[in-house]
Every structure is written in C-alpha cells, then in structure tokens.
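Notes for the structure review
Okay, here's what each chain looks like letter by letter:
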Amino acid sequence: MVRIRVLVVDDHRIFAESLAAALAAEPDVDVSAAGSGPAALRCLERAVAEGRRFDVLLVDSDLAAVPAGVPAQREPASAPPVTADGIALVAGVRVSHPEVRTVVLAERDDARRAALALQAGASGWVAKDCSLSRLLAVIRGVLREETHLPPALLTGVLRELTAARKHRTDSERLVESLTPREHEVLRCMVAGLGRKDVAARLFLSPHTVRTHMQNVLGKLGVHSTLAAVALARRAGVRPADLPNLPGQALAGDVVERSGQLA
C-alpha cells in the first residue's frame, strides 16, 4: 500500500492535533503537525534529510508568522523567507520543495485570497468545516495533479485571476520600456539598495544613479521608490543578487526617506 505523508500546519494546536488524529485513522495516511511556518519548513527539511518526504501540506490560510508572544526575528538574506501567513508559506514551499502539494484550509470563503493562494502555488482551497471524506478526496486529488476549489468560489476566483493577469501585463509593458541600465537600477531598487549602494555596485556616480532612478520613476508612471518596487514585483522583476554588506539594507527592504530617493 502506497502511504500518503501529510503535514498539518496550523497555529491553533487543538485544531491541528484533532485534524492530524482524524487523518491518521486512515490506513494509508501518515500525519505530522507543525504550529508555525518556520516549524513547518524545519519539518520539511528534516523529512528530506531522513528520506521520507511529505506529499501534501495542509496550511491554515491565516497562519501567523510566529507563535503568539514570541517576537519576530529578522532572518539573513540566505535563509528561507519568514512566512507572514499561510499563503506566504505556500509560496515558500513551492520554491524550496516543489514536489510537495499544498492545500489551504480556510475558515471562510474568500475569492481574492483563494486566487492569491493558487498564484502562490496551492493546489486546493477547502473550508475548515468540510467533512473528513471531502478533505481526503482533496488530498488524494491534488496528488493526481488536480486543483480543488469550492464551487461557490469558482466565478470569483476566475475574476480575480483575470484582473491580476491584466495588472501584471500592464506592469510588464511599462518595465519593458526601460533601458538595460535602467532595468539594472530597478533590480537594485527591488533589492532594497539606496542610491549610494547602487552607485557602488554599478560603478556609477551617485548623480548618474539618481538620474537613472528618476527616469525609472517617470517611465513607470509612479512618484516614489515604494510604488516603483511594487510595480516591478507585479511584473516579476527579481531583486539584484547582492551580498549583505555592513550597514546595507537587507535584500527585499525598500529604502525611501521622506518621499525622496535614498
């Protein structure tokens, strides 16, 4: 009998343990539970090291980044991304463990968040109050490369995905208008570098970098670094691959002071 290895990720311990116990009653299901995104990532890494990979992740859509009462800590740029919620965890798992199928467990129907979950890489979105037989059908279905959504959400999710694609297309068109050098500067901005750090990386004067940054903002039709970075991310622009230097912002931080380019 082929066994299915499932990891339940939910910061409500009673729910997570109850669901794990219910699933474990199935003869072909092995279950573990984790109470946070970082804990789930550690479980996945340990399972890989021990040669017993998980097949399916069941993730709470409203998962907290860290357990209540525990202060969040900044991770180095080389570390896996800290998960801000269940959807962020889905996106991180898609990158670090692409073989794992993820299903989001939600307390309420929300077409926008369901669409975000699918875009992040989820294979399913199910209500927390669904029946055990329904959840098992979804688990087995996603392992057959199926995508599962509640019928009531289909129209709303399709509408959200269509709108998201339009915004992405518009953003891509604007980014394509940049020169190669301006695109380089934009990637540095997405990585969180200020004007002086961009100048040092690209061997340009700060004045020249400032001109490039102003040109980028003008071509993208925005008025701030934050808006430019948000548009770039929608267009799929990746941050420049930079080492963290002393006193330099961590990759992914956006540097902007009083509305002025740093």
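Placed above this text is the structure.
Reference entry: report on the structure contained in this document.

1. Considering the pairing of strand E4 (residues 101–106)
Burial of E4 is extensive: six of the six residues sit out of reach of the surface. Bridge count between strand E3 (residues 56–60) and E4: five bridges; the pairing is parallel. Following the sheet pairing, Asp-60 is matched in E4 by Leu-105. Relative to strand E5 (residues 124–127), E4 is paired through four bridges, and the arrangement is parallel.

2. Considerations on empty space enclosed by the protein
Across all of its chains, the model carries two cavities of 30 Å³ or more by this definition. Of the voids in this model, the largest cavity is the one considered here, and its volume is about 40 Å³. Taken together, Ser-61, Asp-62, Ala-106, Glu-107, Arg-108, Asp-110, Arg-113 and Trp-125 make up the full set of residues lining the largest cavity.

3. Some details on the pairing of strand E1 (residues 4–9)
Judged by how many residues are buried, E1 sits mostly within the fold: six of six residues are covered. The alternating pattern of E1 places Ile-4, Val-6 and Val-8 and Arg-5, Leu-7 and Val-9 on opposite faces, both of which are buried. One ladder, built from six bridges, connects E1 with strand E2 (residues 29–34); its direction is parallel. Bridging across to E2, Leu-7 finds its partner in Ser-32. For E1 and E3, the ladder comprises four bridges, and the chain directions are parallel. Bridged to Leu-7 within E3 is Leu-57.

4. What about the pattern of salt bridges?
In total, this model carries twelve salt bridges according to the counting rule given. Between Glu-17 and Arg-13 there is a salt bridge whose closest N-O contact spans 2.8 Å. Of this pair, Glu-17 and Arg-13 are both found in helix H1 (residues 13–24), four residues apart, which corresponds to roughly one turn of the helix. A salt bridge links Lys-219 to Glu-182, with the shortest nitrogen-to-oxygen separation between them at 2.8 Å. Remark: Glu-182 occurs in helix H7 (residues 180–190) and Lys-219 occurs in helix H9 (residues 206–220); sequence separation between them is 37 residues. On the basis of relative accessible area, Lys-219 is assigned to the partly exposed category, the value being 32%. Put simply, Asp-10, Asp-60 and Lys-128 are held in one network by salt bridges that share partners.

5. A word on the packing of helix H3 (residues 86–96) against helix H4 (residues 111–120)
Running from N to C, H3 and H4 cross one another at 15°; their axes reach a closest spacing of 8 Å. Here H3 lies roughly parallel to H4, going by the angle between them. Crossing angle aside, the handedness with which H3 passes H4 is right-handed. Residues Ile-87, Val-90, Ala-91 and Arg-94 of H3 form the contact with H4, whose own contacting residues are Arg-113, Leu-116, Ala-117, Gln-119 and Ala-120. Tallied by class, residues from the contact of H3 with H4 come to six nonpolar, one polar and two charged.

Thresholds applied
- Residues numbered from 1 in each chain as written.
- Predicted model: local features only at pLDDT ≥ 70, side-chain atom pairs only at ≥ 80, totals over all residues.
- Heavy atoms only, no water.
- Buried < 20%, exposed > 50% of the residue type's maximum accessible area, 1.4 Å probe, protein only.
- Helix = DSSP H or I, 4+ residues; strand = E, 2+ residues; numbered from the N terminus.
- Pairing = 2+ DSSP bridges.
- 1 Å grid on protein atoms, 1.4 Å probe; cavity = no way out; pocket = protein on both sides within 12 Å on 5 of 7 lines; lining within 4 Å.
- Points joined across faces, edges and corners; volume = space filled by probe spheres on them.
- Salt bridge = Lys/Arg side-chain N within 4 Å of Asp/Glu carboxyl O.
- Axes fitted to C-alpha atoms, helices over the stretch in contact; angles between N-to-C directions.
- Parallel < 35°, antiparallel > 145°, perpendicular 65-115°, else oblique.
- Left-handed = near helix turned anticlockwise from the far one by under 90°.
- Contact = heavy atoms within 4.5 Å.
- Nonpolar A, V, L, I, M, F, W, Y, C, P; charged D, E, K, R; others polar.

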